Amino acid sequence: MTVEEQTREIVARITHVDKSIITRESTFKGMKADSLDVVQALVAVEEAFEIEIPDEEAQKFQNFGDFVSYVENRVAQKEKV
Amino acid sequence: MSLEGKLALVTGGGRGIGKAIALKLASQGADVIVNFFRHRDAAQETANDIEAMGVKAEIIRANVGDPAKIDEMFDMIGNKFGRLDILISNAASGVGRPVMDIDIKAWEWTMNINVRALLLCTQRAARLMDGRGGKVVSISSLGSFLAWPTYAVVGVSKAALEALTRYLAIELAPQSICVNAVAASAVETEALKFYVKEGLVKDSHHVTPAGRMVIPEDVANVVAFLCSEEAFMIRGQTIIVDGGTSVGLLALAGREDDEHG
């Protein structure tokens, strides 16, 4: 499973949104996610990929695609190390 | 009031009140393990400040809302140090909502981090303190007995934390483990800035009898005292650090009148 697929599964589980309708353009607001959903998604992704996502970075995410891109980069950096 | 040679764990020790506590304990000679969850840089900075005082510091990542992560953290402490003298259960979180909007998820998230973590951390810490005694201090809030807007679930969690503190104090007394809590009013931290920005809390320095807001160091000073042998006979108490706010409500009204009159 790719990073994007795993991230989508996590977000779908937490927001109770069908993963098939989560696209890179989807927003947390559009998924009716509250602030706790967002924190829980960040935490779950951090734990799944053993990465850290600072709040300052998370605040820049405009949509699911931004979130996935950030996670993909962090995973790639980790693999290089 | 020396804590020389003691080993302390401060949950949520990288920022705010936890950081002030970690630094205060270090200034009294304690080596400090700084637990953090989502802010590694802040925790590392705190650890650097601690080491600059000539004592040892360690940072350890763990979500105290997750029992498995608590176990991992204490396994590490047990394996590396084999002991613990002081536990500061400071890490906290919460969801700001009116009671009618609190759902199970918000309730459990808050309770697990604010209360269950005190139980689970103390259970593990007590084993590392066995035979040598120890100190446990948790951080509460005036919201445990005052009703603040959107603070319900956090306030309830703090009330439970204070009750748990009393039970722990009695049941761990035979092991010479002193358990207490410190409850503060609104403390000038990053978290408070958020509440002020959201309009949930007003800057209250002008209505605090002591004349200023509580700062993290005010809380840290009391925590450090409770960790000292001088506080040996204080058990199961919640010490309020609020500059007189909770007892000075009538005086406050006069003070405000004076300022405006």
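Structure's up top.
Attention in this report is confined to the structure presented alongside it. For clarity, every value in this text was computed on a predicted model and none was experimentally measured.

## Digging into helix 3 (residues 67–80) of chain B
Residues and elements named next belong to chain B. For helix 3, which comprises 14 residues, the first-to-last C-alpha distance of 20 Å matches the rise-based estimate of 20 Å (1.5 Å per residue) to within 8%. Residues of helix 3 that are buried include every one of Ile70, Met73, Phe74 and Ile77, and no others. One face of helix 3 carries all of its buried residues, which in axial projection span an arc of 90°. Facing away from the buried side of helix 3 by over 90 degrees, the exposed positions are Asn79 and Lys80. Among the structural elements, strand 1 (7–10), strand 2 (31–36), strand 3 (57–61), strand 4 (86–89) and helix 4 (104–129) are those in contact with the buried residues of helix 3. Of the residues that open helix 3, the one with a side-chain oxygen 3.0 Å from the backbone nitrogen of Ala68 is Asp66. Gly82 sits one or two positions beyond helix 3 and adopts a positive phi of about 70°.

## Here's the deal with a nonpolar patch on the surface
Residues and elements named next belong to chain B. On the surface, Phe145, Leu146, Trp148 and Ile240 cluster together to form a nonpolar patch covering roughly 340 Å² of accessible area. Within the secondary structure layout, Leu146 lies in the loop between strand 5 (134–141) and helix 5 (152–172). According to the relative accessible area criterion, Leu146 is partly exposed, its value standing at 31%.

## What about helix 1 (residues 16–27) of chain B?
Residues and elements named next belong to chain B. With 12 residues, helix 1 ought to run about 16 Å at 1.5 Å a step, and its terminal C-alpha atoms sit 17 Å apart, in line with that. Turning to helix 1, its buried residues number three or more, namely Ile17, Gly18, Ala20, Ile21, Ala22, Leu25 and Ala26. Its buried side turned inward, helix 1 meets strand 1, strand 2, helix 2 (40–51), strand 4, strand 5 and helix 7 (216–226).

The rules behind the values
- Throughout, a residue's number is its position along its own chain's written sequence, starting from 1.
- The order in which chains are written sets their letters, starting at A; the order in which ligands are written sets their numbers, starting at 1.
- Local features in a predicted model are, by the rule used here, given only for residues with pLDDT of at least 70; side-chain atom pairs are given and counted only at 80 or more, and totals for whole chains, interfaces and linings are based on all residues.
- No hydrogens and no water enter the side-chain calculation; it runs on all heavy atoms of the structure.
- Each helix is a run of H or I in the DSSP string that is no shorter than four residues. Each strand is a run of E no shorter than two, and both are numbered from the N terminus.
- The length a helix should cover is 1.5 Å for every residue beyond the first.
- Burial classes: relative accessible area under 20% of the type maximum marks a residue as buried, over 50% as exposed, and values in between as partly exposed (1.4 Å probe, protein chains only).
- Note that the arc is computed from the directions linking the helix axis to the C-beta atoms.
- When checking whether two residues touch, look at their non-hydrogen atoms; a contact exists if any pair is within 4.5 Å.
- Definition of a polar contact: a pair of N or O atoms within 3.5 Å, with one able to donate and the other able to accept a hydrogen when the atoms are protein atoms, and with sequence-neighbouring residues admitted only if both atoms are side-chain atoms.
- Nonpolar side chains (Val, Leu, Ile, Met, Phe, Trp, Tyr) are joined into patches within 5 Å and like charges within 9 Å, using only residues with over 30% relative accessible area and no salt bridge.
- In short, Shrake-Rupley with a 1.4 Å probe defines the accessible areas, and a residue's cover is counted only from the protein chains shown.
- Take a side-chain nitrogen of Lys or Arg and a carboxyl oxygen of Asp or Glu: if they are within 4 Å of each other, that pair is a salt bridge.

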